[in-house]
Amino acid sequence: MKVTLELLNILGVLLPGVVAVKIQDIISSYEDKSPHDYVISALLYSYVIYLIYGAIFTNCEPLISFVDNNSSMSMKLSASGYETIFIMVLIVLLPITLGWLKQKDIPMKWLRSLDATKKSSMNNTWLETFHKEERMVQVFLKDGRIVRGWPHRYSSDPTDGFLYLFQPVWINTDKSDSADDDYIETNAHGFLIARTEIDFIE
C-alpha cells in the first residue's frame, strides 16, 4: 500500500485516540475486540479529545501533522507546548475515567434503575460474579476434593479461567463421626487453580 501525505495526516489525527484505546486496554478487563472495533474506538476518542481541545483553545489542529518538502515528508507538532500537554493529559485522563466508571458499573447501574436494561458493565458473568460477590467460596474440583477460601485473584478472561484462592482450607469429605474436623488446614498463602481442574464453584 502506498503511503500518501493524506494517509499520514489521517493517522496523525487518530493518534490520540489510538493511544487512549491502548491505555483503556491496559487498565480494563479482558475484552475481545476486532480491528474494526479498535478503529471505531480510536475515532470516538480522537473526536472527544479534539472536541474538548477545540472548546478551550481557539487554534484547534491535530497533534501531529505531516508536510511535503518536495522530495521528502516531515513530521511536526502542530500544537504549542501548553496545547500538547493538554492533549496528553486528555489522552491519559479520558480512558482512566471511563475505565473507573465501567469498573464501578455506574452507567449501567443507572440504566438498570430506569429498567432500560438488565446488563452490567462487566464483560462476562465470570468476572461480574467475582467482582460483586466478595465472599468465601467453595471450589469443587473434578477429582472430588473441595477447597474453601477467598477468591483473591481471578482471570478477566473466562477462557483462561485461573483462580487464586487466598487462605485455602480443604473440606473434610471423609468425616467418619462428628468429632472429626470440618476443615483441614493447608497452611498455605493460597492455591492457584486452573479452570480445567474446576467442576463448579459454590
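Everything discussed here concerns the structure shown above.
Residues numbered from 1 in each chain as written. Predicted model: local features only at pLDDT ≥ 70, side-chain atom pairs only at ≥ 80, totals over all residues. Heavy atoms only, no water.

(A) Summary view of the side chain of Q138. Relative to the assigned elements, Q138 resides in strand β3 (residues 137-141). Here R148 takes part through its side chain, which lies 3.5 Å from a polar atom of the side chain of Q138. Every residue in contact with Q138, bar those within four places of it in the chain, is listed here: I146, V147, R148, I171, F200, I201 and E202. (Helix = DSSP H or I, 4+ residues; strand = E, 2+ residues; numbered from the N terminus. Polar contact = N/O pair within 3.5 Å; in protein donor to acceptor, adjacent residues only side chain to side chain. Contact = heavy atoms within 4.5 Å.)

(B) Geometry of the nonpolar core. Ranked by size, the top nonpolar core spans 13 residues in total, and within it Y45, I49, I87 and I91 carry the most contacts. Ranked by residue count, the leading element in this core is helix α2 (residues 35-56), at five residues. Look past the residues within four positions of Y45 in its chain and what remains in contact with it is G17, A20, V21, Q24, L94, P95 and L98. Formed by nine residues, the second largest nonpolar core is a distinct cluster that contains V139, L141, V147 and L163. (Core = buried A, V, L, I, M, F, W, Y, C linked by side-chain atoms within 4.5 Å. Buried < 20%, exposed > 50% of the residue type's maximum accessible area, 1.4 Å probe, protein only.)

(C) Focus on the pairing of strand β5 (residues 163-171). Across six bridges, the pairing between strand β4 (residues 146-154) and β5 is antiparallel. By the bridge assignment for β5, W150 is matched with F166. Sheet topology note: the β5/strand β7 (residues 190-193) ladder contains four bridges and is antiparallel. When the bridges of β7 are listed, L165 appears paired with F191. In this structure, β5 lies alongside strand β6 (residues 183-185), joined through three bridges in antiparallel fashion. Note on β6: the bridge partner recorded for W170 is I184. (Pairing = 2+ DSSP bridges.)

(D) Local environment of unusual backbone geometry. Even without a glycine there, the phi angle at Q167 is positive, about 50 degrees. Even without glycine at this site, N187 takes up a positive phi of about 55 degrees. Within the secondary structure, N187 is located in the loop between β6 and β7. For N187, a relative accessible area of 74% translates into the label exposed.

(E) Structural context of the packing of α2 against helix α3 (residues 81-103). One can describe the packing of α2 onto α3 by two numbers: an axis separation of 10 Å at closest approach and a directional angle of 130 degrees. Looking at the two axes, α2 sits oblique to α3. The chirality of how α2 crosses α3 is right-handed. Residues Y45, V48, I49, I52, Y53 and I56 of α2 pack against E83, F86, I87, L90, I91, L94, P95 and L98 of α3. A per-class count over the contact of α2 with α3 returns 13 nonpolar, no polar and one charged. (Axes fitted to C-alpha atoms, helices over the stretch in contact; angles between N-to-C directions. Parallel < 35°, antiparallel > 145°, perpendicular 65-115°, else oblique. Left-handed = near helix turned anticlockwise from the far one by under 90°. Nonpolar A, V, L, I, M, F, W, Y, C, P; charged D, E, K, R; others polar.)

(F) Spatial organisation of α2. Taking 1.5 Å per residue, 22 residues should reach 32 Å; α2 reaches 32 Å between its end C-alpha atoms and fits that length. Within the span of α2, buried status applies to S41, A42, Y45, S46, I49, Y50 and Y53. Buried residues of α2 fall within an arc of 155 degrees about the axis and therefore sit on the same side. Among the exposed residues of α2, those pointing more than 90 degrees away from its buried face are H36, L44, Y47, L51 and A55. (Expected span 1.5 Å × (residues − 1). Arc of directions from axis to C-beta.)

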